[in-house]
Amino acid sequence: MTSLVDHGIVAPNAELERLLTGYMFLEGPAWDADNDRLIFSDIPASVMYSWSPDSGVAVFRAPSDKANGNTFDSSGRLISCHHATSSVTRTESDGTIATIASHYEGFELNSPNDVIVGADGAIYFTDPSYGRLEYYGVARETQLDYRGLYRLGTDGVLSLLASDFDQPNGLCFTPDGALLVCDTERFHIRRFDVSQPDAVTGGEVWATVEGEGDGAPDGLKCDSRGNVYCTGPGGVHVFDASASWLGRIDVPEGCANFTFGGTDGATLFLTASTSLYSIRMALPSDGVSD
């Protein structure tokens, strides 16, 4: 981690702090800026939690239909992916929960996994098959014969953007508007041009995440300088905007996901197997990747 301090990414003298532990498998951290709290999921337990420095941890939603990835749109509404129901939901301002995606061309989605919101309000999500396995979901056969990347437009139209993945997972936008998507099974980060609505071009491998230790490419974010963070073997790997590897934040458990948060956006919260961790960063999020 010394190199990340030298690069001005991790704050000087910062240490990884374990905030909570004792969970089954944590995922989906998202910072709720309107309420100064973190929302995260324990997938096998089918519970979502909230945490804040002042109030500590509390149950946010139970059962959660084995929720995985979460994010907030520009109106502060929570968008969540659910393994048990193969769906994406939105929690409206009055607290009601609306299903906004569950099928494509008449077939059930596999198990929506991670989700982000574009600058135009469109929702992008990945749909691997992990949520159709025991423990992480509900064991059942898939109805689709591929695992895709989708865009849900503000008009409610769901578009399949790419389907040539082994298992698509984390995703984020870069400051220049490109879309990066993990393929967990191949240990790849792929880069797509999303300048045209309802379509993508490119898809080339932007980086391969390598190393020793538990973990695989899953959670993905950018910071304000355009550096790309991705979970992988041993922790969270950091690449510069040209895909050069800068270093790794070491995590003692397999780290599935993370997000920037805190009042200044410069605390990194990490969901790592049984525990929630945090570490202070020198740079905040880019504000469009959460």
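Because the structure is a prediction, the values reported are computed rather than measured.

**Student:** Looking at this structure, how should I read the pairing of strand S18 (residues 188-193)?
**Tutor:** Each regular strand displays side chains that alternate between the two surfaces of the sheet. Bridge count for strand S17 (residues 179-183) against S18 is five bridges, and the pairing is antiparallel. Looking across to S18, one finds that Leu-180 is bridged to Arg-191. Here six bridges tie S18 to strand S19 (residues 201-208), and the two strands are oriented antiparallel to one another. Residue pairing in the sheet places Phe-192 in a bridge with Gly-202 of S19.

**Student:** What am I meant to see in the nonpolar core here?
**Tutor:** Soluble, globular proteins show a tendency: their nonpolar side chains are buried together. Ranked by size, the top nonpolar core spans 21 residues in total, and within it Ile-9, Tyr-229, Ile-249, Leu-268, Leu-270, Ile-279 and Met-281 carry the most contacts. In this structure, Tyr-229 is in contact with Ile-9, Gly-219, Leu-220, Lys-221, Asp-223, Val-236, His-237, Val-238, Phe-258, Phe-260 and Met-281, ignoring residues within four places of it in sequence. Ranked by size, the runner-up nonpolar core spans 16 residues in total, among them Ile-100, Leu-109, Tyr-150 and Leu-158.

**Student:** Explain the side chain of Ser-159 here, please?
**Tutor:** On the secondary structure map, Ser-159 appears in strand S15 (residues 158-162). Look past the residues within four positions of Ser-159 in its chain and what remains in contact with it is Tyr-104, Leu-149, Tyr-150, Arg-151 and Asp-198.

**Student:** Is there a simple way to explain the pattern of salt bridges in this structure?
**Tutor:** Two side chains that carry opposite charge are able to pair once their charged atoms sit near each other. Considering all chains together, one arrives at 13 salt bridges under this definition. Two residues, Glu-92 and Arg-77, come together in a salt bridge whose shortest N-O distance is 3.3 Å. Of the two residues, Glu-92 is situated in the loop between strand S8 (87-91) and strand S9 (97-101) and Arg-77 in the loop between strand S6 (67-72) and strand S7 (78-82); the sequence distance between them amounts to 15 residues. You can call Glu-92 buried: its relative accessible area is 19%. Residue class for Arg-77 comes out partly exposed when judged on its relative accessible area of 24%. Asp-198 is paired through a salt bridge with Arg-151; the nearest N and O atoms lie 2.7 Å apart.

About the criteria used
Residues numbered from 1 in each chain as written. Predicted model: local features only at pLDDT ≥ 70, side-chain atom pairs only at ≥ 80, totals over all residues. Heavy atoms only, no water. Pairing = 2+ DSSP bridges. Helix = DSSP H or I, 4+ residues; strand = E, 2+ residues; numbered from the N terminus. Core = buried A, V, L, I, M, F, W, Y, C linked by side-chain atoms within 4.5 Å. Buried < 20%, exposed > 50% of the residue type's maximum accessible area, 1.4 Å probe, protein only. Contact = heavy atoms within 4.5 Å. Salt bridge = Lys/Arg side-chain N within 4 Å of Asp/Glu carboxyl O.

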